[in-house]
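Structural overview for review
Here are the chains, one letter per residue:
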Amino acid sequence: MKKIFLSIDVESDWGGRLKATQDNCQGIKIIIPKLLHFFNDEKIKCNFFISTNILTEFKGLIQEMAHDGHEIASHGKNHLLNFDTADFLTVKDEIYQSKIELEEIITSKIYGFRAPQFRNFPGLYDLLEKMGYLYDSSIVSKKIYLPYQLNQSSNPYSIGQLYEFPVSRMMFFNFPMGFLWINILGVKTFISIFKQHYLSKKVDYLTIYLHPFDLLCTKDNSKTNLLVPKVFYNYNNKNLFNNFKELISFFKTYNFNFENFSSHVINKKK
Ligand SMILES: [Zn+2]
């Protein structure tokens, strides 16, 4: 059975760089309700990594995700862009407090962590294990240059008591398998390359990621005054959400099963 772990990093717009106010979280406000609706219709379970500085504004939405059976995991507190080099106590607090805050809100255990911008560092697993996490997804699968090795690249593996779910890497392009990059390449092109270079191999696991703001079209982004995100996200593309649906429907057609990370870990530990 082919498994796909769909993971969504929930943070303020423009990669968690903006203060987590309502205005700076258009992605969460506009896209998450659409996604939840779509996932319910399609009976898809996914994994949300939450940056907990958004909880003040969006507590109800996170509870709704959990209620719908999606997995809630931690993406730290403040989406620190120096997460891998910040001082030990700050990082420890980010990892620990975010878990506690999320557990309080959904009244259930939090098992997973993803560092902002995949900024993992050598002591990360040790900290996660001590704080009761069961898995991490803060690395991108290794650069693989030979097509015949592609299927090796993103299987989950255990490190001590923890599991690591590496984010898959795009064939040939060396980017992490994120919707933003897939969409820039073109969903149809991605699918055609994927069919040629993945489906012919024995692919067991894929971990794909996206952000809610990756699905915002230009008119939704008009509140952003920063030049770079305006240019970067300037698709003016009303079909972004449809492109995403097309991608998901492709995976469903090819019998990929959408799974929660923790179900996989718990099954393996049995
Ligand atoms: Zn992030």
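Each remark here, short or long, concerns the structure printed above.
How each quantity is defined
- Residues numbered from 1 in each chain as written.
- Predicted model: local features only at pLDDT ≥ 70, side-chain atom pairs only at ≥ 80, totals over all residues.
- Helix = DSSP H or I, 4+ residues; strand = E, 2+ residues; numbered from the N terminus.
- Buried ≥ 20, exposed ≤ 12 C-beta atoms within 10 Å, placed from the backbone.
- Contact = placed C-beta atoms within 7 Å.
- Pairing = 2+ DSSP bridges.
- Axes fitted to C-alpha atoms, helices over the stretch in contact; angles between N-to-C directions.
- Parallel < 35°, antiparallel > 145°, perpendicular 65-115°, else oblique.
- Left-handed = near helix turned anticlockwise from the far one by under 90°.
- Nonpolar A, V, L, I, M, F, W, Y, C, P; charged D, E, K, R; others polar.
- Core = buried A, V, L, I, M, F, W, Y, C linked by C-beta atoms within 7 Å.

What to know about the overall build of the chain
A count of helical and extended segments in the chain gives ten helices and nine strands. Looking at the 270 residues of the chain, the share that counts as buried comes to 40%. Of the contacts formed within the chain by residues at least 6 apart in sequence, a portion of 74% connects residues at least 24 apart.

Thoughts on the pairing of strand 1 (residues 2-10)
With seven of nine residues buried, strand 1 is to be regarded as a mostly interior element. Inspection of the sheet shows strand 1 paired to strand 9 (residues 256-258) by three bridges, in the parallel sense. When the sheet's bridge partners are listed, Lys3 is paired in strand 9 with Asn257. Note: strand 1 against strand 2 (residues 47-50), four bridges, orientation parallel. Across the sheet, Ile8 pairs through a bridge with Phe48, a residue of strand 2.

With respect to the packing of helix 3 (residues 55-67) against helix 4 (residues 88-106)
Relative placement of two packed helices is described by the angle separating their axes and the distance separating the axes. Running from amino to carboxyl end, helix 3 crosses helix 4 at an angle of 60 degrees, the nearest separation of the two axes being 9 Å. Our classification of the angle between helix 3 and helix 4 gives oblique. In this structure, helix 3 crosses over helix 4, and the sense of that crossing is right-handed. Two secondary-structure elements touch here, helix 3 through Leu55, Lys59, Ile62, Gln63 and Ala66 and helix 4 through Glu101, Ile105 and Ile106. The residue makeup of the contact of helix 3 with helix 4, split by class, is five nonpolar, one polar and two charged.

A few points about the nonpolar core
Ranked by internal contacts, the top residues of the largest apolar core, which has 62 residues, are Val10, Phe48, Ile50, Ile72, Ala73, Tyr133 and Tyr135. The contacts of Tyr133, once residues within four sequence positions are left out, are Tyr111, Gly112, Phe113, Leu128 and Leu162.

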